Amino acid sequence: MMKPKWEDLDRNCLVNIFERVGMESLLLAVPFVCKSWYKATLIPQSWQHLDFSVLIYDDSRYDVDFPSRLMDTYRVEGDFPINTFIKSVVKRSGRSATYIALPELPNRCMDEALLYVADECPALRTLVLHFKAFQGFHGPRSKVPNYISKWTNLQSLKLQSSFDLQELLTQISIHCKSFVALAIECAKIGTDEASAIVNFLPNIKVLDLRYAFMREENLMTILQGCKQLELFDARDCIGFNEGDEEILKHASHIRSFKHEGSTTENIC
């Protein structure tokens, strides 16, 4: 009896597998295994999960590993064409991408990449921005709230800055009716930011504010206003003490409330 071959696997099964293997493998390994695998990579559903964070940008250049292997494989010469690359991969998804993570980008590339993602990814459910998207009042970084109306299916957003959070959450509350999860790394949660979370995301289920600067009164605002929270990560924050009885009392409705490592030390 002949053993079944990988290349004979049903194409729908291949697509189901390939959408989980990661963008790196889809570009540098999978297409070169056999003809049937290559043909499966041409199906848009294989490109629903796009993680561009493998493009590590530091000191005005990209980490040489992935881009150099990519350019060698596809015989591209010159500087790494970051925007062309992002657009070509997004295009492969055929407007079906549901997860996109964008890396730190030079200012000249950022707005172009975000606008392209906004126009070409209407099915997007999760967006991860590995750059300080709201740092500064001008330029492409401050335009992110303008794109929210294009992502009406958005459910989850991860940021590295809380700048202009009120405007962002206003747009999410208007356009993203299925939104349930927000993560902000090293956020500054003052009175206005805490009120914005409560007023615009009253039904949020997952909130990740680890490493935030957040005073106790602002934490209490969130705990008292967001009654649908199921997971709240407030570990290693500055502004309140872990184990505070009053905080734990108001967080008792949350299935998983993480507060370890939080302290009032070093607070100004």
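Up top is the structure.
Each value, and the rule that gives it
- Residues numbered from 1 in each chain as written.
- Predicted model: local features only at pLDDT ≥ 70, side-chain atom pairs only at ≥ 80, totals over all residues.
- Heavy atoms only, no water.
- Helix = DSSP H or I, 4+ residues; strand = E, 2+ residues; numbered from the N terminus.
- Buried < 20%, exposed > 50% of the residue type's maximum accessible area, 1.4 Å probe, protein only.
- Contact = heavy atoms within 4.5 Å.
- Areas by Shrake-Rupley, 256 points an atom, 1.4 Å probe, with all protein chains shown as cover.
- Pairing = 2+ DSSP bridges.
- Axes fitted to C-alpha atoms, helices over the stretch in contact; angles between N-to-C directions.
- Salt bridge = Lys/Arg side-chain N within 4 Å of Asp/Glu carboxyl O.
- Parallel < 35°, antiparallel > 145°, perpendicular 65-115°, else oblique.
- Nonpolar A, V, L, I, M, F, W, Y, C, P; charged D, E, K, R; others polar.
- Right-handed = clockwise from strand over helix to strand, strands pointing away.
- Phe/Tyr/Trp six-rings, centres within 6.5 Å; stacked < 30°, edge-to-face > 60°.

The next point concerns the overall build of the chain. In terms of regular secondary structure, the chain is built from 11 helices and 12 strands. Buried positions account for 43% of the 268 residues belonging to the chain. Of the contacts made within the chain by residues no fewer than 6 positions apart, 71% connect residues no fewer than 24 positions apart. With the model as given, the accessible surface of the chain reaches about 14000 Å², and the carbon-plus-sulfur share is 49%.

Let us now look at unusual backbone geometry. The phi angle at cysteine 186 is positive, at roughly 55°, despite the residue not being glycine. Tracing the chain through its elements places cysteine 186 in the loop between strand S7 (181-184) and strand S8 (188-189). Of note, tyrosine 211 is a non-glycine position whose phi angle comes to about 70°, a positive value. When you line up the elements, tyrosine 211 lands in the loop between strand S9 (206-208) and strand S10 (213-214).

Before going further, it helps to examine the sheet that holds strand S11 (residues 231-233). Here we have eight strands laid out as an open sheet, ordered S1-S4-S5-S6-S7-S9-S11-S12, and parallel in their pairing. At either end of the open sheet lies a strand with only one pairing partner, and these are strand S1 (49-51) and strand S12 (256-258). On average, each strand axis in the sheet is inclined to that of its neighbour by 5°, with strand direction left out of account. Relative to S11, S9 runs parallel, the two being bridged by three bridges. Paired with aspartate 208 across the bridge in S11 is aspartate 233.

Take the pattern of salt bridges next. Enumeration according to the criterion identifies six salt bridges in this entry. Where aspartate 119 meets lysine 150, a salt bridge forms, and the shortest distance between an N and an O atom there is 3.0 Å. Taken together, the residues aspartate 119 in helix H6 (residues 107-120) and lysine 150 in the loop between helix H7 (144-147) and strand S6 (156-159) connect sequence positions 31 residues apart. For glutamate 230, the salt bridge is made with lysine 205, and the minimal N-O distance between the two is 3.9 Å. Of this pair, glutamate 230 sits in the loop between helix H10 (216-225) and S11 while lysine 205 sits in the loop between helix H9 (191-200) and S9, and the two are 25 residues apart along the sequence. Taking the relative accessible area as the measure of exposure, glutamate 230 reaches 34% and is therefore partly exposed.

Moving on, we come to the packing of H9 against H10. Relative orientation and spacing of two packed helices are given, respectively, by the angle between their axes and the distance between those axes. Axis separation between H9 and H10 bottoms out at 9 Å; the angle between their running directions is 5°. Considering their axes alone, H9 and H10 lie roughly parallel with respect to each other. Between H9 and H10, the contacting residues are Thr191, Ala194, Ser195, Ile197 and Val198 on the first element and Asn218, Thr221, Ile222 and Gly225 on the second. Of the residues that constitute the contact of H9 with H10, the class distribution is four nonpolar, five polar and no charged.

With that out of the way, let us pick up the pairing of S7. Going residue by residue along S7, you find Ala181 and Ala183 tucked away on one face and Leu182 and Ile184 tucked away on the opposite face as well. Pairing of S6 with S7, which is carried by four bridges, proceeds in the parallel orientation. The partner of lysine 158 across the bridge, within S7, is alanine 183. A crossover links S6 with its parallel partner S7, the connecting element being helix H8 (residues 165-175), and its sense is right-handed. Two strands pair when backbone bridges link them, and S7 and S9 are joined in this way by three bridges, in the parallel orientation.

A separate point is the packing of aromatic side chains. Evaluation of the coordinates by the stated rule reveals two aromatic pairs. Ring geometry for phenylalanine 52 against phenylalanine 85: centres 5.9 Å apart, planes inclined by 90°, an arrangement best described as edge-to-face. Of this pair, phenylalanine 52 sits in the loop between S1 and strand S2 (57-58) while phenylalanine 85 sits in helix H5 (residues 82-92), and the two are 33 residues apart along the sequence. In this pair, the class of phenylalanine 52 matches that of phenylalanine 85, namely buried.

This part is about the environment of glutamine 166. Following the sequence through the fold, glutamine 166 ends up in helix H8. Using a relative accessible area of 39% as the deciding quantity, one classes glutamine 166 as partly exposed. Between the C-alpha atoms of glutamine 166 and proline 145, which are 21 residues apart in sequence, the distance is 9.7 Å. Residues within four places of glutamine 166 in sequence aside, it is in contact with Asp192, Ala196 and Phe200.

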